[in-house]
Amino acid sequence: MKLLMYSHAFAPAVGGVETHAMHLARGLALLGREKVQLTVVTKTRGNGYDDSALPFRIVRRPGIVQLGKLIRWADVIHLAGPVLTPQILCSFLRKPTVVEHHGYQVVCPNGSLLKEPEKTVCPGHYMRGEYRTCLKCDASAVGWGASLKALLLTGPRRRLSKRATANICITQHVAERIQLPRTSIVYYGVPAQEISRDPEGIIQFAYLGRFVSEKGLPHLIEAAKILDEDGINFRLLMIGDGPERNELEQQVQRLGLSARIEFTGFLGGKELEEAVGRVSAVVMPSICEETAGLSAIEQMMRGRPVVVSDIGGLAEVTGDGGLKFPPGDAVALAKCLARLAEDSGLRAELGARARKRALTLFSMQRTVEDHLKVYENAFGRSK
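In this report, we go over the structure that sits alongside the text. Given the structure is predicted, the values throughout are model-derived calculations rather than measurements.

1. Re the side chain of Gln204
Move 1: Here Gln204 shows up in strand β10 (residues 203-210).
Move 2: On the basis of relative accessible area, Gln204 is assigned to the buried category, the value being 16%.

Structure follows, in structure tokens:
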């Protein structure tokens, strides 16, 4: 089977979708090599990245004519998200198309189901036909012109996704939110890793990801202040970067937590592994409905517990492999962190559950096999 995977963003860009696309492409090229001849297409520039080291062909920034030829070449096209131009070409050329949904772009113009400027979870205004509310919501963040464009493009994305040969959702929660036909649930897969031992000494927590408002990071810092006032000895690593970093650093200084909280900036490769190796638990305090939570899955595969907001796909993937708290509740979050800081037995128990859950649900072999089944069914329907 000739498979074309289109991922608008790809390595060397960094992010959840980019990481998943790379994991899946490698897995398909290695674990599924007897069934799949894979080509990856992306709009991301290489910027010196060594594409020749990859176990699959990659085409960067093709023009529309070249993209059309690549789609004609393929037996099945996998789209990492409802990307409009490839969707239109696939529909015009009548090619079997599988759309994998990492966000809410087919039910929300801003793709996050987060109501602006309140930063509250959207009840589903677009699906109710409340388009003026959607227009006003996005305009507060990006302006009226960009908001109108996003609103107008949501309809075509949804209609084309409804016509796709198959849709893949990365959690059951996403499937329930976007409500598309011919949908399969396929969880993210991450490479297997050795179990990491719980570090000795002062307990360290970490946040890993973008510093943006929907991640709820001010609540994490507030929870850290509560721990500090309660006399609990801990450290918190803030790994990543983003537009909210300056405000977060100012909050840390204002609360007198500079000795407790360290901002590392973006880390990758060996630096990231060393930093995560010093951490007993990753904290994800999102106030939006995360679609999955790749950082949580990676930590669970290491045999470490996670502490997450009880919301969306994030709570779903965590299951019994960590502690949960109501989103935006700094007091409840502080209680979760205190329990882990004071009870090494609880950390070990939750870590064992996390590892078992990760091996069962989030292995690369499972995600490759599940994707292959979807591709094969899509290909079979086209004959």
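On we go.
2. As for the sheet that holds strand β9 (residues 183-185)
Move 1: Strand order in the open sheet made by the 7 strands is β3-β2-β1-β4-β5-β8-β9, with parallel pairing throughout. Two strands close off the open sheet at either side, each with one partner strand: β3 (57-60) and β9. For this sheet the average axis-to-axis angle between neighbouring strands, irrespective of direction, equals 20 degrees.
Move 2: In this structure, strand β1 (residues 2-6) lies alongside strand β4 (residues 76-80), joined through 4 bridges in parallel fashion. Note that in β4 the partner of Met5 across the bridge is His78.
Move 3: Helix α3 (residues 84-92) rests against β1, β4 and β5 (97-101) of the sheet, and its axis sits at about 160 degrees to β4.

3. Considerations on the nonpolar core
Move 1: Judged by nonpolar contacts, the single largest core of 33 residues is most densely connected at Phe205, Leu220, Met238, Ile261 and Leu337.
Move 2: With 7 residues, helix α12 (residues 330-342) is the single largest residue contributor to this core.
Move 3: Apart from the residues lying within four places of it in its own chain, the contact partners of Leu220 are Tyr207, Leu236, Met238, Val283, Pro285, Leu333 and Leu337.
Move 4: One finds Ile170, Val306, Val308 and Val317 within the second-largest nonpolar core, a separate group that totals 30 residues.

4. A few points about a negative patch on the surface
Move 1: On the surface, Glu229, Asp230, Glu342 and Asp343 cluster together into a negatively charged patch.
Move 2: In this structure, Glu342 sits in helix α12.

Rules used throughout
Residues numbered from 1 in each chain as written. Predicted model: local features only at pLDDT ≥ 70, side-chain atom pairs only at ≥ 80, totals over all residues. Heavy atoms only, no water. Helix = DSSP H or I, 4+ residues; strand = E, 2+ residues; numbered from the N terminus. Buried < 20%, exposed > 50% of the residue type's maximum accessible area, 1.4 Å probe, protein only. Pairing = 2+ DSSP bridges. Axes fitted to C-alpha atoms, helices over the stretch in contact; angles between N-to-C directions. Contact = heavy atoms within 4.5 Å. Core = buried A, V, L, I, M, F, W, Y, C linked by side-chain atoms within 4.5 Å. Patch = residues over 30% accessible without salt bridge, like charges linked within 9 Å, V, L, I, M, F, W, Y side chains within 5 Å. Areas by Shrake-Rupley, 256 points an atom, 1.4 Å probe, with all protein chains shown as cover. Salt bridge = Lys/Arg side-chain N within 4 Å of Asp/Glu carboxyl O. Lys, Arg positive; Asp, Glu negative; His and termini not counted. Charge placed at Lys NZ, Arg CZ, Asp CG, Glu CD.

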